[in-house]
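Here's the letter readout for the chains.
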Amino acid sequence: GAGVSQSPSNKVTEKGKDVELRCDPISGHTALYWYRQSLGQGLEFLIYFQGNSAPDKSGLPSDRFSAERTGGSVSTLTIQRTQQEDSAVYLCASSISDIYNEQFFGPGTRLTVL
Amino acid sequence: GDSVTQMEGPVTLSEEAFLTINCTYTATGYPSLFWYVQYPGEGLQLLLKATKADDKGSNKGFEATYRKETTSFHLEKGSVQVSDSAVYFCALSLTGRRALTFGSGTRLQVQP
C-alpha cells in the first residue's frame, strides 16, 4: 500500500487478556517504530527496529510488552495480561532508513481495556 | 534526559491571524527537529523539519527555524485558515537514537 497500515483500528478487550497489534510499514522502509499515545502520557516511544539489528526496546513500559518484526517487514506488538492503564492509541511509523529520520505514521490502533 | 516543551493549548485564533506555537528542547548533542500535525480523525503527518542549527523548515505556509542558542523551534504561519485546525507536535531525534521524543502537543482552533 501507499502508507503505513495498522490493524485492527479498534480493539476492546478485558483486563488480563492478551492482545496483538499489527503494523505493515511502507514497502522498502527499513526502520519501524512503535509509539503509544495516551491522555496522561502524550506520545511515548516504545520500540524501534532497524534492518536486522537488535531492536531498541528501551521504551517498553513493562515485560508484558513485546514486539517482533518478521522478514524485515510486518511487525506485531503483543501486550500480555492487559491492564486498564494500557488503554491508548498505539501508533506505528516507518522510515526509509534511520539516517533520514522522516517517519511516516499509520492511523493507529485504539486499545480499550475494560 | 531529552525533552520537548510546547506551549499549552488550546490556541484559538480567527481566520487570517498570525500563528506562533512555541517549542523549546533539552538534548544532549545536536538533535534534528520536527513539527508533526494531527488533523481530526487522522494520523500524524510530518509538517516540516530542520536538521542543523539555523536551518529553516517550511511547508504549507508554516515555518520554523532551528535556534541552537535558545534551544527553540517555534512554529509560525502568517495567515491561518480554518483547515489548519489540528493538534501540532514538536519533536526531536538524536543521532544514534532514532526514536522521536515528542512534546505534549498544542491544539489549534481556527474560527471563521
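Rules and cut-offs
- Starting from 1, residues in each chain are numbered consecutively following that chain's sequence as written.
- Whichever chain is written first is A, and whichever ligand is written first is 1; the rest continue in order.
- Side-chain atom pairs in this predicted model are given and counted only at pLDDT of 80 or more, local residue features only at pLDDT of at least 70, and totals for whole chains, interfaces and linings cover all residues.
- As a rule here, side-chain values cover all heavy atoms of the structure and leave hydrogens and water aside.
- Paired strands, in this sense, are two strands between which DSSP finds at least two bridges.
- Put simply, DSSP H or I for four residues or longer makes a helix, DSSP E for two residues or longer makes a strand, and each gets a number counted from the N terminus.
- Note on definitions: angles span 0 to 180 degrees between N-to-C directions of axes, and those axes are lines fitted to C-alpha atoms, for helices only across the stretch in contact.
- Residue contacts are counted whenever heavy atoms from the two residues lie within 4.5 Å of one another.
- The rule for a disulfide is simple: a pair of cysteine sulfur atoms within 2.5 Å.
- Here's how the labels work: a residue is buried when its accessible area is under 20% of the maximum for its type, exposed when over 50%, partly exposed in between, all with a 1.4 Å probe on protein chains only.
- Salt bridge, as used here, is a side-chain nitrogen of Lys or Arg placed within 4 Å of a carboxyl oxygen of Asp or Glu.
- For any pair of parts, buried area is found by adding up, for both, the accessible area (1.4 Å probe) each one loses once the two are put together.
- Pairs of N or O atoms within 3.5 Å make up the polar contacts considered here, provided that, within protein, one atom can donate a hydrogen while the other can accept it, and that residues adjacent in sequence are counted only when both atoms are side-chain atoms.
- When residue character is reported, Ala, Val, Leu, Ile, Met, Phe, Trp, Tyr, Cys and Pro are called nonpolar, Asp, Glu, Lys and Arg charged, and the others, Gly included, polar.

Engineer: Where do I start with the sheet that holds strand 7 (residues 56-59) of chain B in this structure?
Structural biologist: Strand pairing in a sheet takes place through backbone hydrogen bonds and is either antiparallel or parallel in direction. All names here are of chain B. Pairing within the open sheet is antiparallel, and its four strands lie in the order 3-9-8-7. The open sheet has two edge strands with one neighbour each: strand 3 (19-21) and strand 7. Ignoring strand direction, the axes of neighbouring strands in this sheet form an average angle of 15°. Bridge count for strand 8 (residues 62-65) against strand 9 (residues 75-77) is three bridges, and the pairing is antiparallel. Looking at the pairing, F62 lines up with K77 of strand 9.

Engineer: Even after reading the chapter, I still don't get the sheet that holds strand 1 (residues 5-7) of chain A, so can you show me in this structure?
Structural biologist: Residues and elements named next belong to chain A. Pairing in this open sheet of four strands is antiparallel, and the strands run 1-3-7-6 from one edge to the other. Taken across any chain shown, the strands that pair with only one partner, and hence form the sheet edges, are strand 1 and strand 6 (65-69). Within this sheet the neighbouring strands show an average axis-to-axis angle of 15°, counted without direction. Two elements, strand 3 (residues 19-24) and strand 7 (residues 75-79), share five bridges in a ladder whose sense is antiparallel. Following the sheet pairing, R22 is matched in strand 7 by T76.

Engineer: What's the story with the environment of S58 of chain B in this structure? I'm lost.
Structural biologist: Residues and elements named next belong to chain B. Mapped onto the fold, S58 is located in strand 7. Sequence separation between S58 and S85 is 27 residues; the distance between their C-alpha atoms is 18 Å. For S58, the residues in contact, after removing those within four places along its chain, are L48 and E63.

Engineer: Sorry if this is basic, but what is going on with the state of the cysteines here?
Structural biologist: Counted by the stated rule, this structure contains two disulfides over all chains. The disulfide that involves C23 of chain A links it to C92 of chain A, with 1.8 Å between the sulfurs. Measuring handedness by torsion sign, the sulfur bridge of C23 of chain A and C92 of chain A sits at about -65° and is left-handed. Note that C23 of chain A is positioned in strand 3 and C92 of chain A in strand 8 (residues 88-95), a separation of 69 residues in sequence. For the pair shown, C23 of chain A and C92 of chain A are each scored as buried. A disulfide bridge connects C23 of chain B with C90 of chain B, and the sulfur atoms are separated by 2.0 Å. Sign of the S-S torsion, about -70° for the bond between C23 of chain B and C90 of chain B, identifies this disulfide as left-handed. Of this pair, C23 of chain B sits in strand 4 (residues 23-26) while C90 of chain B sits in strand 10 (residues 86-94), and the two are 67 residues apart along the sequence. A relative accessible area of 1% places C23 of chain B in the buried class.

Engineer: When you look at the pattern of salt bridges in this model, what are you seeing that I'm missing?
Structural biologist: A side chain with one charge can pair with a side chain of the opposite charge if their charged atoms come near. All names here are of chain B. Applying the stated criterion across every chain, the model contains eight salt bridges over all chains. Of the charged contacts in the structure, one is a salt bridge between K77 and D84, with a shortest N-O distance of 2.8 Å. No difference in accessibility class separates K77 from D84, as the two residues are buried.

Engineer: I'm lost on the interface of chain A and chain B in this one. Help?
Structural biologist: For interface size, the figure often reported is the accessible area lost on association. Listed by partner, the interface residues are 16 residues for chain A and 14 residues for chain B. The contact between chain A and chain B buries some 1,400 Å² in all, and 56% of this surface belongs to carbon and sulfur atoms. Summed over the three residues of chain A that lose the most area to chain B, namely L43, N101 and F105 of chain A, the buried surface amounts to 38% of that side. Taken together, chain A and chain B are joined by one salt bridge. Notably, a salt bridge pairs E102 of chain A with K49 of chain B, separated by 3.9 Å at the nearest N-O pair. Counting the contacts that link chain A with chain B gives three residue pairs in polar contact (both at pLDDT 80 or more). Contributions of two or more residues to the side of chain A that touches chain B are made by strand 4 (31-38) and strand 5 (42-50) of chain A. Of the residues that constitute the side of chain A that touches chain B, the class distribution is eight nonpolar, five polar and three charged.

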